[in-house]
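Descriptive structure summary
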Amino acid sequence: MNNHLSYKGYTGTVEYTAEDDILFGKVIGIRGLISYEGESISSIKKCFVDAIDDYLEMCKQEGLEPQKPVIEVENMPQSA
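An account of the accompanying structure is given in this report. (Residues numbered from 1 in each chain as written. Predicted model: local features only at pLDDT ≥ 70, side-chain atom pairs only at ≥ 80, totals over all residues. Heavy atoms only, no water.)

In the structure shown here, the tally under the stated rule is two salt bridges. Lys8 is the salt-bridge partner of Asp53, the closest N and O atoms lying 3.0 Å from each other. One end of the pair, Asp53, is in helix α1 (residues 41-62); the other, Lys8, is in the loop between β1 (4-7) and β2 (10-13), and 45 residues separate them in sequence. Asp53 gets classed as partly exposed once you look at its relative accessible area, which sits at 27%. Judged by relative accessible area, which is 49%, Lys8 ranks as partly exposed. For Asp50, the salt bridge is made with Lys46, and the minimal N-O distance between the two is 2.7 Å. Taken together, the residues span about one helical turn, with Asp50 and Lys46 both in helix α1 at a distance of four residues. (Salt bridge = Lys/Arg side-chain N within 4 Å of Asp/Glu carboxyl O. Helix = DSSP H or I, 4+ residues; strand = E, 2+ residues; numbered from the N terminus. Buried < 20%, exposed > 50% of the residue type's maximum accessible area, 1.4 Å probe, protein only.)

Below, the structure written as structure tokens:
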């Protein structure tokens, strides 16, 4: 089972909480926190992609260089 998503060079986790019946995750390999959640596989994939796109757009608007991930998870299929 693959518990990771990948998009534009960023890797995110996918976890499940039974208490809330929700999928959630965060981008790994950067110093900041980018998190996302969804109620289905397709929903969390979309939220992950949206979170990365929002982060990159925010960096662009503020004139900041986006953090580049310092790790790569091998053999991960691209989610988008």
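Attention now moves to the packing of aromatic side chains. Going through the model one piece at a time under the given rule, you end up with two aromatic pairs. Aromatic pair Tyr10 and Tyr55: ring centres 6.3 Å apart, planes at 80 degrees, arrangement edge-to-face. With Tyr10 in strand β2 and Tyr55 in helix α1, this residue pair connects regions lying 45 residues apart in the sequence. Taking relative accessible area as the criterion, Tyr10 reaches 2% and is therefore assigned buried. Measuring from ring centre to ring centre gives 5.2 Å for Tyr36 and Phe48, while their planes differ by 65 degrees; the resulting arrangement is edge-to-face. Taken as a pair, Tyr36 in strand β5 (residues 35-38) and Phe48 in helix α1 lie far apart in primary sequence, 12 residues in all. Judged by its relative accessible area of 6%, Tyr36 is buried. (Phe/Tyr/Trp six-rings, centres within 6.5 Å; stacked < 30°, edge-to-face > 60°.)

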